[in-house]
Amino acid sequence: MIEALSGALHHIFTVKIFLMIIAGLFGGLLTGALPGLTATMAVALLVPFTFTMEPTEGLIVLGAIYMSSIYGGSFSAILVNTPGTPSSIGTTFDGYPMAKRGEGDRAVLIATFASVYGGIIGVLFLLFLAPPLAKVALKFGPPEYFWMAVFGITIISSLASKNIIKGFIGGAIGLLISTIGIAPIGGDVRFTAGFSQLQGGIELIVALIGFFCIPEALTMIGQRGKKFHLTEAKRKKGIFLQTFKDVMKKQGNLLRSSILGTIVGILPGAGGSIANLVAYNEAVRVSKEPEKFGTGIIDGIIATESSNNAVVGGGMIPLVTLGIPGAPPDAVLYGVLLLQGLRPGPELFTTHSHVIYTFIISLFFATIFMLPVGVIAGKVLHKTVVRLPVRFLAPLIIFLTIIGSYSIRNNITDVYIMLTLGVLGYILKRLGFHPGPITLGLILGPIGEAGFVQALLIGEMLPNKWMIFFKSPISWILIILSLLSLSWPLFAKKLAKEWKVKGDEVEG
Amino acid sequence: MKKFFLLLSLTIFCIATVSGIALAKYPEKAITYVICFNPGGESDITARIQQKPLEKVLGVPIIMVYKKGGGGAVGWSELTRTKPDGYTIFGTNLPHIIVQPLTRKNAGYKTEQIHNVYIFEFTPNVLAVKKDSEIKTLKDFVEYAKKHPNLPVGGSGQPSANSLGTVEFSKVANLKLNYISFTGSGAAVPALFGGHVKALMTYTSMAARYPDKMRALAVAAEKRAKALPDVPTFKELGYNYVEGAYRGAAVPPGTPENVRKVLEKAFEKVNHDPTVIKKMEDLGFIMEYYGEAESKKLVDKLTVYYRNLLKELGLLKK
């Protein structure tokens, strides 16, 4: 391995490769920041360009794009309250309030540091612990996926701690929307109201744009008389170093979220969309001041942004060791590997070790380069959003939502769905329903449903088919975690009182 | 500014008219190749193999676009509404384009509307177990399944070549298998490796992808697959069971004949390209050479076959 590593380093340190990485980073950042263009699309769009390159070079560029598009999603989440990719849903919770306070540039910097940190942790796991961790991926069968979805739903109790009932109603709305279209098992057509276009169901990204973006733009339009600019920028000196220090103080949060992100990345089918919310949930749970989450605190951004970039390395673990893509963009990378005649698996580490180690090392450098690239791009984007008057910004956002929702499946129906959901989201928001739980329901619905039906079918072999849900230790761990997560708000109130007594010497 | 927009709209108008008239010289601009599944899936991979050679033969760029959803139905219903000028072609899959309109109340298209210009490959079903499984041969599997009724067998989609194939094989081998549908061939693989299902009724391409982890027991084709030379066919072992999925390329209804002929010839030429053949066969696909007329015959034949099978299973739409 050492030999392969030094060979890889030798291969990477050329001007050409470095320029390719930087170009990939800028490209990925831009696609990630535009709502509707996800990491998967960014990678897929650029596949044809890699055909003319050598296999290693192609992989290096795609890896850089993947890494930075996940990070780029945080820009729009922070600056205009719309997750650029589903991996940044949770970043809106604290990033946007911070930007509204006039600390947008600080929020972007926090996201940058956290993303680089998380990315590096994920890549380190990929480099050193890939084979044993890949086995974890296989332990997850249908019953485990069902319980994972259940656990995911319980996150709502901390996402919507102010009004848990409304949170769960929102989650139920999301679950119901997720059932539109062809059933994942059995292939029945459901709730399409006779429209053949609805067979494909409601695409998550389309719903995301509708629920987050449109209500925000409508609110902006509603306030245009009162506020000329969306936010004001208060320039502070030494913000770069100060923020770096602030972020690095949160080692516990950074490490926990990065490891969570890696683990969720390893599980096939799950990805950044789930990882960032799980990490947010855990950050709230561990925090001594859970009530401050959602008001624009540094911990919220750190949790989501470090976890989603850790998914990149984590998702590649089952890909390179077993040939099973961990997260959706990995499926595209898999296709590229196959087209180049490289079959993922143990063979990749023996006969093609130079390719795979060069790729992993390049991913490591790409993550580090994300820092300067992100700082420059972040400054420019932040300035643009801050300087643009609302009367230009709001139509621009709506224009981008239309392009974004069309481009995800190249389907005009998605634009209509997005606008409909947008109006629905605006009304719901006014009634006090947050888009977070709704999208969580939408993400987890298909995973939970498929797991449930598949598990029951497999259970036919047992004397009592329902026992399939309680057979494995992982199922039990997830059940216990769900119960804990669900009852946490009750504990939290009690604990908060106790902490308040001792709170004087504890620093937030 | 006003002048600029005037100029712009004039230009667009001119381009639109010119491209309308000049159909005779097809193709003279980029062709969009629509894939009705996810990027990175097998429909994407096969089309990507064709992309460069097609560009060379046709002399215009081929642009890949993904319109996924509904097991391909969203894309194919879009096909019926697409301008039939030959500049948008669609990847198609059998039996999907036959089975969906037969089982769904409104699939958004009819099988007859999918006008295949060429069908280029066949991916047969394969019955596979884990490499370290105690099941070594098809005979072992049949014995094991007899002892364990309701044995879970995973596969991709429902109704699909995998799901219907599991039913057909159960019938000819007189077994009671329990088909577990996954959302794609790739999604079923971890379930096998993790021991959550005992076997997969999957495609040869999957068995070719995981040679060190998967043991293919038999191939549901008339002849063995090039990528799996040691795996016998079901027919060799005495089970009359052939099933799998075909891939082709189609144009919208009403596409002029000269355009269809150009595309048919181009796909035919690409399909005889040795590098294309090698790439496809290495990945477990079996080359097929159905021109436009032969494709129609194949679709008609399979439509009768699947209609009867679905009727027997009570899956035919009312």
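Residues numbered from 1 in each chain as written. Chains lettered and ligands numbered in written order. Predicted model: local features only at pLDDT ≥ 70, side-chain atom pairs only at ≥ 80, totals over all residues.

## A look at the overall build of chain B
Then, number 1: When helices and strands are tallied, chain B shows 11 helices and 10 strands.
Then, number 2: Seen through its principal axes, chain B has C-alpha atoms that stretch 80 × 45 × 40 Å.
Then, number 3: Looking at chain B residue by residue over its 318 residues, the buried ones come to 53%.
Then, number 4: Restricting the contact set of chain B to residue pairs at least 6 apart, pairs at least 24 apart contribute 75%. (Helix = DSSP H or I, 4+ residues; strand = E, 2+ residues; numbered from the N terminus. Buried ≥ 20, exposed ≤ 12 C-beta atoms within 10 Å, placed from the backbone. Contact = placed C-beta atoms within 7 Å.)

## Overview of the domain arrangement of chain B
All names here are of chain B.
Then, number 1: According to the domain assignment, chain B consists of domain 1 (30-122 + 245-313) and domain 2 (123-243).
Then, number 2: In this complex, domain 1 contributes 17 residues to the contact, which on the side of domain 2 involves 18 residues.
Then, number 3: For the side of domain 1 that touches domain 2, the secondary-structure elements that each account for two or more residues are helix H4 (96-103), strand E4 (115-130), helix H10 (274-282) and helix H11 (292-313).
Then, number 4: Residues belonging to the side of domain 1 that touches domain 2 are distributed by class as follows: nine nonpolar, four polar and four charged. (Domains from an automatic or database assignment. Nonpolar A, V, L, I, M, F, W, Y, C, P; charged D, E, K, R; others polar.)

## A look at the nonpolar core
Then, number 1: By size, the foremost hydrophobic cluster in this structure holds 251 residues, and its most contacted members are Val-43 and Ile-110 of chain A together with Ala-128 of chain B.
Then, number 2: Mapped onto the domain boundaries, this core takes at least three residues apiece from domain 1 (30-122 + 245-313) and domain 2 (123-243) of chain B.
Then, number 3: Setting aside chain neighbours within four positions, we find Ile-110 of chain A in contact with Thr-243, Val-247, Ile-298, Ile-301 and Ile-302 of chain A. (Core = buried A, V, L, I, M, F, W, Y, C linked by C-beta atoms within 7 Å.)

## Focus: helix H12 (residues 272-286) of chain A
Then, number 1: End to end, H12 of chain A covers 21 Å across 15 residues, agreeing with the expected 21 Å (1.5 Å per residue, within 8%).
Then, number 2: Gly-272, Ser-273, Ile-274, Ala-275, Asn-276, Leu-277, Val-278, Ala-279, Tyr-280, Asn-281, Ala-283 and Val-284 of chain A are the residues of H12 of chain A that are buried. (Expected span 1.5 Å × (residues − 1).)

## Some remarks on the packing of helix H9 (residues 204-222) of chain A against helix H17 (residues 390-409) of chain A
Residues and elements named next belong to chain A.
Then, number 1: Running from N to C, H9 and H17 cross one another at 165°; their axes reach a closest spacing of 10 Å. Our classification of the angle between H9 and H17 gives roughly antiparallel. Taken as a pair, H9 and H17 cross one another with a handedness that is left-handed. Residues Ile-205, Val-206, Ile-209, Cys-213, Ile-214, Ala-217, Met-220 and Ile-221 of H9 touch H17, and the partners they reach there are Val-390, Leu-393, Ala-394, Ile-397, Ile-398, Thr-401, Gly-404, Ser-405 and Ile-408.
Then, number 2: For the contact of H9 with H17, the residue count by class is 14 nonpolar, three polar and no charged. (Axes fitted to C-alpha atoms, helices over the stretch in contact; angles between N-to-C directions. Parallel < 35°, antiparallel > 145°, perpendicular 65-115°, else oblique. Left-handed = near helix turned anticlockwise from the far one by under 90°.)

## Describing the interface of chain B and chain A
Then, number 1: Counting from both sides, the interface comprises 46 residues of chain B and, opposite them, 46 residues of chain A.
Then, number 2: Among the secondary structure elements, those contributing two or more residues to the side of chain B that touches chain A are helix H2 (42-58), strand E2 (62-66), helix H3 (73-80), strand E5 (151-156), strand E6 (177-182) and helix H7 (185-193) of chain B.
Then, number 3: In the side of chain B that touches chain A, the residues fall into 19 nonpolar, 18 polar and nine charged.

## Thoughts on the packing of helix H3 (residues 39-50) of chain A against helix H14 (residues 328-339) of chain A
All names here are of chain A.
Then, number 1: Between H3 and H14, whose axes approach to 8 Å, the crossing angle comes to 15°. For the element pair H3 / H14, the angle class is roughly parallel. In terms of crossing hand, the pair formed by H3 and H14 is right-handed. Between H3 and H14, the contacting residues are Ala-39, Thr-40, Val-43, Ala-44, Val-47 and Thr-50 on the first element and Pro-328, Pro-329, Val-332, Leu-333 and Val-336 on the second.
Then, number 2: Across the contact of H3 with H14, the residue classes tally to nine nonpolar, two polar and no charged.

## Topic: unusual backbone geometry
Backbone geometry follows two general trends: most residues other than glycine have a negative phi, and most peptide bonds adopt the trans configuration.
Then, number 1: For the peptide bond that leads from Tyr-26 of chain B to Pro-27 of chain B, omega is -10°, which places it in the cis range.
Then, number 2: On the secondary structure map, Pro-27 of chain B appears in the loop between helix H1 (2-21) and strand E1 (31-35).
Then, number 3: A cis amide bond links Gln-158 of chain B with the next residue in sequence, Pro-159 of chain B, at an omega value of -10°.
Then, number 4: The residue Pro-159 of chain B is located in the loop between E5 and helix H6 (161-173) in this model.
Then, number 5: Residue Ala-193 of chain A is not a glycine yet carries a positive backbone phi of 50°.
Then, number 6: Along the chain, Ala-193 of chain A turns up in the loop between strand E2 (189-190) and H9.
Then, number 7: We classify Ala-193 of chain A as exposed; it has 6 C-beta atoms within 10 Å.
Then, number 8: Not every positive phi belongs to a glycine, and Asn-150 of chain B is a case in point at roughly 65°.

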